[in-house]
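# Overview (structure and organization)
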Amino acid sequence: MIIKKFEAETQEEAILKAKDELGSGAVVMNIKTTKPKGVFKFMKKPVVEVTAAVDENVDRPKTRGQAAVTAPTLQSVNAGKATASQGGNPDVTAIEKKLNDLENLLAKQMKERNADSRAIEAVKKSVDSAKADADVYVGNDGGIFLKDGLPSSDSLSESLSEDVSDIENKDNMNACMKLIYDQLIGNDVDEKYVNELTGELSQSIRKDAGIDAVLAAVYQKLVLKLGSAETIERTPGKAKYVFFVGPTGVGKTTTIAKIASLLKLKQGLDVALLTADTYRIAAVEQLRTYANILGIPISVVYSAAEITDMKTELDKHEVVLIDTAGRSDKNADQINDLKMMLRTIPEDNKETYLVLSATTKEKDLIRIADVYKEIADIRLIFTKLDETETQGSIYNIRMHTGAPLSYMTFGQNVPDDIETANAQNIAKQLLSGT
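Residues numbered from 1 in each chain as written. Predicted model: local features only at pLDDT ≥ 70, side-chain atom pairs only at ≥ 80, totals over all residues. Heavy atoms only, no water.

### A closer look at the overall build of the chain
- When its secondary structure is counted, the chain shows 13 helices and 13 strands.
- If you take every contact in the chain between residues at least 6 apart in sequence, the share linking residues at least 24 apart comes to 74%.
- For the chain, the accessible surface area stands at approximately 21,000 Å², while carbon and sulfur atoms represent 47% of it. (Helix = DSSP H or I, 4+ residues; strand = E, 2+ residues; numbered from the N terminus. Contact = heavy atoms within 4.5 Å. Areas by Shrake-Rupley, 256 points an atom, 1.4 Å probe, with all protein chains shown as cover.)

### A few points about the packing of aromatic side chains
- For the structure on display, the rule yields three aromatic pairs.
- Summarising the aromatic geometry, the rings of Y193 and Y395 are spaced 6.2 Å apart at their centres and angled 80 degrees between planes, so their arrangement reads as edge-to-face. You can see Y193 sitting in helix α5 (residues 191–204) and its partner Y395 sitting in helix α12 (residues 392–401), a full 202 residues away along the chain. There is no split in this pair, since Y193 and Y395 are both buried.
- Measuring from ring centre to ring centre gives 5.8 Å for F244 and Y353, while their planes differ by 25 degrees; the resulting arrangement is stacked. Placement of the pair is F244 in strand β6 (residues 240–245) and Y353 in strand β10 (residues 350–357), with a sequence separation of 109 residues. Comparing F244 with Y353 shows no difference in burial state: the two are buried.
- Here a set of aromatic residues connected by ring pairs shows up, and it is made of F244, Y353 and Y407. (Phe/Tyr/Trp six-rings, centres within 6.5 Å; stacked < 30°, edge-to-face > 60°. Buried < 20%, exposed > 50% of the residue type's maximum accessible area, 1.4 Å probe, protein only.)

### Points about the confidence of the model for the chain
- Per-residue confidence for the chain averages 75 on the pLDDT scale, and 66% of its residues sit at or above 70.
- Looking over the chain, one finds the lowest element-wise mean pLDDT in helix α2 (residues 77–85), namely 39, and the highest in strand β11 (residues 378–383), namely 96.
- Note that pLDDT drops below 50 for residues 94–99; the model gives that stretch 13 contacts with residues more than four away or on any other chain. (pLDDT = per-residue confidence, 0-100.)

### Here we look at the nonpolar core
- Of all hydrophobic cores here, the largest spans 60 residues; its most connected members are L184, L354, L380 and F382.
- With residues near it in sequence (within four places) discarded, L184 still touches V189, V194, L197, L222, L430 and L431.
- V250, L263, L269 and L294 belong to the second-largest nonpolar core, a separate cluster that totals 24 residues. (Core = buried A, V, L, I, M, F, W, Y, C linked by side-chain atoms within 4.5 Å.)

### Observations concerning the pattern of salt bridges
- Tallied over the full model, the rule gives 18 salt bridges.
- Salt-bridge contacts for E351 lead to K240; the nearest nitrogen and oxygen are separated by 3.0 Å. One end of the pair, E351, is in strand β10; the other, K240, is in strand β6, and 111 residues separate them in sequence.
- Take K240: its relative accessible area is 8%, and that puts it in the buried class.
- Note that K350 and E347 form a salt bridge whose closest N and O atoms lie 3.0 Å from each other. (Salt bridge = Lys/Arg side-chain N within 4 Å of Asp/Glu carboxyl O.)

### Here we look at the side chain of N396
- Residue position: N396 is located in helix α12.
- N396 sits in the buried class, given a relative accessible area of 1%.
- When residues no more than four places from it in sequence are discounted, the contact partners of N396 are D188, V189, D190, Y193 and E362.

### Here we look at the packing of helix α11 (residues 362–375) against α12
- At a minimum axis distance of 10 Å, the contact between α11 and α12 shows a crossing angle of 35 degrees. As α11 runs across α12, the sense of the crossing is right-handed. On α12, the residues touching E362, L365, I366, A369, D370 and K373 of α11 are S393, N396, I397, H400 and T401.
- Of the residues contributing to the contact of α11 with α12, the split by class is four nonpolar, four polar and three charged. (Axes fitted to C-alpha atoms, helices over the stretch in contact; angles between N-to-C directions. Left-handed = near helix turned anticlockwise from the far one by under 90°. Nonpolar A, V, L, I, M, F, W, Y, C, P; charged D, E, K, R; others polar.)

### Some remarks on the packing of helix α10 (residues 332–342) against α11
- Between α10 and α11, the shortest axis-to-axis distance is 10 Å and the interhelical angle comes to 40 degrees. Note on packing geometry: the crossing formed by α10 with α11 is right-handed. Counting all contacts with α10, which are made through I335, L338, K339 and L342, the residues of α11 involved are V371, Y372 and I375.
- When its residues are assigned to classes, the contact of α10 with α11 shows six nonpolar, no polar and one charged.

### Regarding helix α13 (residues 423–432)
- Judged by how many residues are buried, α13 sits mostly within the fold: eight of 10 residues are covered.
- All of the buried residues in α13 are A423, Q424, I426, A427, Q429, L430, L431 and S432.
- Looking at where α13 begins, the residue whose side-chain oxygen comes 2.9 Å from the main-chain nitrogen of Q424 is N422. (Polar contact = N/O pair within 3.5 Å; in protein donor to acceptor, adjacent residues only side chain to side chain.)

Rendered as structure tokens:
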């Protein structure tokens, strides 16, 4: 007995392949349909795998198309039944019976197949119409890509497309938008920003667009709105002073240590540390320990005037990282002290990073951000991503403040648990939850 597997886009094609290679005496033993996975599954066709067997003693054809090896088609089943009832070849009868049994199964799946085909066509048409606004195109392998070269992700949640094949084209847009709306809301994106996104898409995407085209468009819009990260870079010819501000308990000191390691070890910059967090003795000692390990100088200051006095010496370094004490945004005196400290350095060689915890309540994040953006031109660092399952607050604060994202941290390990904020990864997480 010879047993082989054959793959094709349809059951009929797979069976014909089996008959062509194994001959008319082949018997179909098993049929399995493998549906493509991922949110872009409508751009791929299911694969049908047929397992067929034949007696080794049966002569098999060497080439396709010989008259003696013509395989029976589903259309010939009825004729085969008549032959069998009149005492036809029992082997042929068994094959035809098997084919007849498969006919019902194939017919049953044709509706699904047709629905998939319509969805594929809808996606292709919608992608063509969305190029100008959504900036997407279909690659040679059928995948959807952004014009800027960044591929949209197959890791986006499959739950977004589970039931789309059952929706008529006229309802595709509403169904897709509802799925995306629920997904973003579930990931804690503020409703007003979700409505803004879906409103823009409704104006730019055809009403019969498929889930793939809509997802590609919303993915890119999220990426564009999140923007490129702005991180610490040296300024040739002069020192750059980098202030880290924010409430207590968000991980400023650990974050500074991680960034100091990145700048010193990976970029080879001349880095100095300055701490004004004298409220917490442990914070000073913690930063001093990291400074000793990295072999970089550290100084402690108690007032804005001391920063001014030390500036000549500090100017010798390429980057000076300044750890400020955690301030309550509700304490006016503490905020005024911080303002005075920030004013010691001219704007053209100063950067201010607001450090926020991704676990903080949305309402509190907005209040904190509003206070700090009034006193400085801020960039955003989010910490403790390992302690939350959603990243909607990152998108919300980015949109609320207009401040660029910079770094994200996700653990206590120095210097490993930090990365530059990546708009593509955040967008994927917002759409997938993973």
